[in-house]
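Residue-level structural notes
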Amino acid sequence: TCRKAGCRHCPFNHANVRSDHLAGRIQQPAFLHVGARERSVEGAASAGDSGVVVLFWSSGKDSFLTLRALVRAGREVVLLTTFDAASRVIANQEVHVSQVERQARHLDVSLVGVPLHPGVEYVDRLRAGLGVVRGRREVAALAFGDLHLEHIRAWRE
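The present account deals with the structure reproduced in this document. Since the structure is predicted, the reported quantities are computational estimates derived from the model, not experimental observations.

1. Some points on the sheet that holds strand E7 (residues 139-144)
Across the sheet, five strands lie side by side as E1-E6-E3-E2-E7; this open sheet has mixed pairing. Looking at the sheet topology across the chains shown, the edges are occupied by strand E1 (30-33) and E7. When strand polarity is set aside, the average angle formed by the axes of neighbouring strands in this sheet is 30°. Relative to strand E3 (residues 77-84), strand E2 (residues 52-56) runs parallel, the two sharing four bridges. Bridge pairing in E3 places Val-53 opposite Val-77. Sheet contacts for helix H4 (residues 97-107): E1, E3 and strand E6 (111-116); angle to E1, the most-contacted strand, approximately 65°. Across the sheet, helix H5 (residues 122-134) lies against E1, E2, E3, E6 and E7, angled at about 155° from E6, the strand it touches most.

2. Side note on the nonpolar core
Judged by nonpolar contacts, the single largest core of 19 residues is most densely connected at Leu-55, Leu-67 and Leu-79. Of all the elements in the fold, those that place two or more residues in this core are E1, E2, helix H3 (61-72), E3 and H4. Those residues in contact with Leu-55 that lie beyond four places of it in its chain are Ser-63, Thr-66, Leu-67, Leu-70, Val-77, Val-78, Leu-79, Leu-80, Ala-143, Phe-144 and Gly-145. Core analysis: the next-biggest nonpolar cluster, separate from the first, contains 14 residues, Phe-31, Val-52, Val-112 and Val-139 among them.

3. With respect to unusual backbone geometry
The backbone of Glu-94 shows a phi angle near 55°, a positive value even though the residue is not glycine. Looking at the secondary structure, you find Glu-94 in the loop between strand E4 (89-90) and strand E5 (95-96). Given the relative accessible area of 62%, Glu-94 is considered exposed. With phi around 55°, Asp-108 is a residue other than glycine that occupies positive phi space. Here Asp-108 shows up in the loop between H4 and E6. Judged by its relative accessible area of 30%, Asp-108 is partly exposed.

Parameters at a glance
- Residues numbered from 1 in each chain as written.
- Predicted model: local features only at pLDDT ≥ 70, side-chain atom pairs only at ≥ 80, totals over all residues.
- Heavy atoms only, no water.
- Pairing = 2+ DSSP bridges.
- Helix = DSSP H or I, 4+ residues; strand = E, 2+ residues; numbered from the N terminus.
- Axes fitted to C-alpha atoms, helices over the stretch in contact; angles between N-to-C directions.
- Contact = heavy atoms within 4.5 Å.
- Core = buried A, V, L, I, M, F, W, Y, C linked by side-chain atoms within 4.5 Å.
- Buried < 20%, exposed > 50% of the residue type's maximum accessible area, 1.4 Å probe, protein only.

Structure (structure tokens):
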């Protein structure tokens, strides 16, 4: 039975946690906001779906400029952000995940939150987050808005 508490090993993708509590409670990757385009798709990826671009979102200006460029190019975008599971803070930007959720709501772009836990491989958490997106849509590409940082670029390539 779901306690609606955002349990760490939730088998229900946190579907029963109230949307205004998601950012503060989820322990597994889940949608924190579903944008209008995603709501219109209704369910899993369909035949002929050209897929979405998953933009790794840090909340900073480089992420926003990348989003703007993708939208102007006619691409459908889903944001993905990682944050510390205990503090709920996004690394590098030092922003609470609830701020990013507000950004996504304001922009009306879907957002997947991926809590990071000590001792759990980062890549495994990213795979789980991408799996959440794939549960709704085909993923056409991954995008990053901070590749001017040489050490991050090298790791991602």
